[in-house]
Amino acid sequence: MPKLYYSTLSCGGANYIAAHVGGVKFDENVLVNIQTHKLAATGEDYFEINPKGNVPVITFEDGKKNLNENVGTLYYIGKNGGLLGEDETATMNALGFLASEWHKGVGAFFGKPEGAAREKAVANLAKQANFFIDFYLEGGKNEYMVGNTFTIADIYASVITSWSYFIGLNTEIPEALIKHHERIQALPKVAEAVKIMKDYEASVAK
Ligand SMILES: N[C@@H](CCC(=O)N[C@@H](CS)C(=O)NCC(=O)O)C(=O)O
């Protein structure tokens, strides 16, 4: 059976949540410390699993190549967990937007940009946020990103939006996106997955 490599509250964590919600079983869910690039439980070198050093990764036992991009890993989980919605193509389009635009738009602030670099990052964030609301949430009237049905895209988006709380971006994220994030995080299975991840991380850190 496959294994999922993830880290809590990162985009890898979105994969953990999606698997929990969709009932997709992994042989093991392996927590990675993405600061040290070591496996949290054993201290093994994560670069041995993924030379790129980032999560998520799904590995297989039968010699099949690893999946090591959110678009691939979330598709795998969505397909096996019934979380791709009615229009798979549209859901993949949304995943592409999230991975290449929203993820980067919010993620740019982890580097603590200052001055002109920060202004540029804020302008890009506003552009992507407005597009997210207009195109995917249809001005905020839709609860979910694709066909107004809950999909893996909502889980991934919600995790990315959550980073704004750690990087001091509260006023720059429009209300419609905060509401979308809160709506997804309040879903019982999502909240349950987040709690399991956090509890496990705390237990490993002891
Ligand atoms: N191209 C990858 C990027 C994944 C990514 O940025 N992962 C972050 C967590 S959200 C990470 O592992 N960062 C630690 C690192 O790059 O060393 C994808 O789209 O899946």
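Quantities reported herein were computed from a predicted structural model and do not represent experimental measurements.

The rules behind the values
- Residues numbered from 1 in each chain as written.
- Predicted model: local features only at pLDDT ≥ 70, side-chain atom pairs only at ≥ 80, totals over all residues.
- Heavy atoms only, no water.
- Near = heavy atom within 4 Å.
- Polar contact = N/O pair within 3.5 Å; in protein donor to acceptor, adjacent residues only side chain to side chain.
- Areas by Shrake-Rupley, 256 points an atom, 1.4 Å probe, with all protein chains shown as cover.
- Nonpolar A, V, L, I, M, F, W, Y, C, P; charged D, E, K, R; others polar.
- Phe/Tyr/Trp six-rings, centres within 6.5 Å; stacked < 30°, edge-to-face > 60°.
- Helix = DSSP H or I, 4+ residues; strand = E, 2+ residues; numbered from the N terminus.
- Buried < 20%, exposed > 50% of the residue type's maximum accessible area, 1.4 Å probe, protein only.
- Lys NZ or Arg CZ within 6 Å of the ring centre and 35° of its normal.
- Pairing = 2+ DSSP bridges.
- Contact = heavy atoms within 4.5 Å.
- Right-handed = clockwise from strand over helix to strand, strands pointing away.

Brief notes about the site of the ligand
Taken together, Ser-10, Cys-11, Ile-34, His-37, Gly-53, Asn-54, Val-55, Glu-69, Asn-70, His-103 and Trp-163 are the residues near the ligand. The separation between an oxygen atom of the ligand and a polar side-chain atom of His-37 is 2.7 Å. Separating an oxygen atom of the ligand from a backbone N or O atom of Asn-70 is a distance of 2.7 Å. In the complex, the protein chains occlude 74% of the 510 Å² of accessible area that the ligand would expose alone. Looking at side-chain class alone, the shell around the ligand contains 4 nonpolar, 6 polar and 1 charged residues.

A short note on the packing of aromatic side chains
Here the distance between the centres and the angle between the planes together describe a pair of aromatic rings. Counted under the stated rule, the structure contains 14 aromatic pairs. A ring pair is formed by Trp-102 and Phe-132, whose centres lie 5.6 Å apart and whose planes are at 85°; its orientation type is edge-to-face. Taken together, the residues Trp-102 in helix H3 (residues 88-107) and Phe-132 in helix H4 (residues 115-136) connect sequence positions 30 residues apart. By relative accessible area, which is 0% here, Trp-102 ends up buried. One aromatic cluster is present, built from ring pairs that chain together Phe-97, Trp-102, Phe-131, Phe-132, Phe-135 and Tyr-136. The lysine or arginine in question, Lys-64, covers the ring of Phe-60, its NZ or CZ lying 4.7 Å from the ring centre.

Structural notes on the sheet that holds strand E1 (residues 3-6)
Reading across the sheet, the 4 strands line up as E3-E2-E1-E4 and stay open at both edges, with mixed pairing between neighbours. Each edge of the open sheet is held by one strand with a lone partner, namely strand E3 (38-39) and strand E4 (57-59).

Let's talk about the environment of Ile-34
By the secondary structure assignment, Ile-34 is in the loop between strand E2 (28-33) and E3. Put simply, Ile-34 and Gly-53 are 19 residues apart on the chain and 7.5 Å apart in space, counted from C-alpha to C-alpha. Apart from the residues lying within four places of it in its own chain, the contact partners of Ile-34 are Ser-7, Ser-10 and Val-55.

Structural notes on the pairing of E1
Here E1 pairs with E2 via 4 bridges, running parallel. Considered in E2, the bridge of Lys-3 is made with Glu-28. This β-α-β element, E1 to helix H1 (residues 11-22) to E2, shows right-handed connectivity. Sheet analysis places E1 next to E4, joined by 3 bridges and oriented antiparallel. The residue bridging Lys-3 from the neighbouring strand is Thr-59, located in E4.

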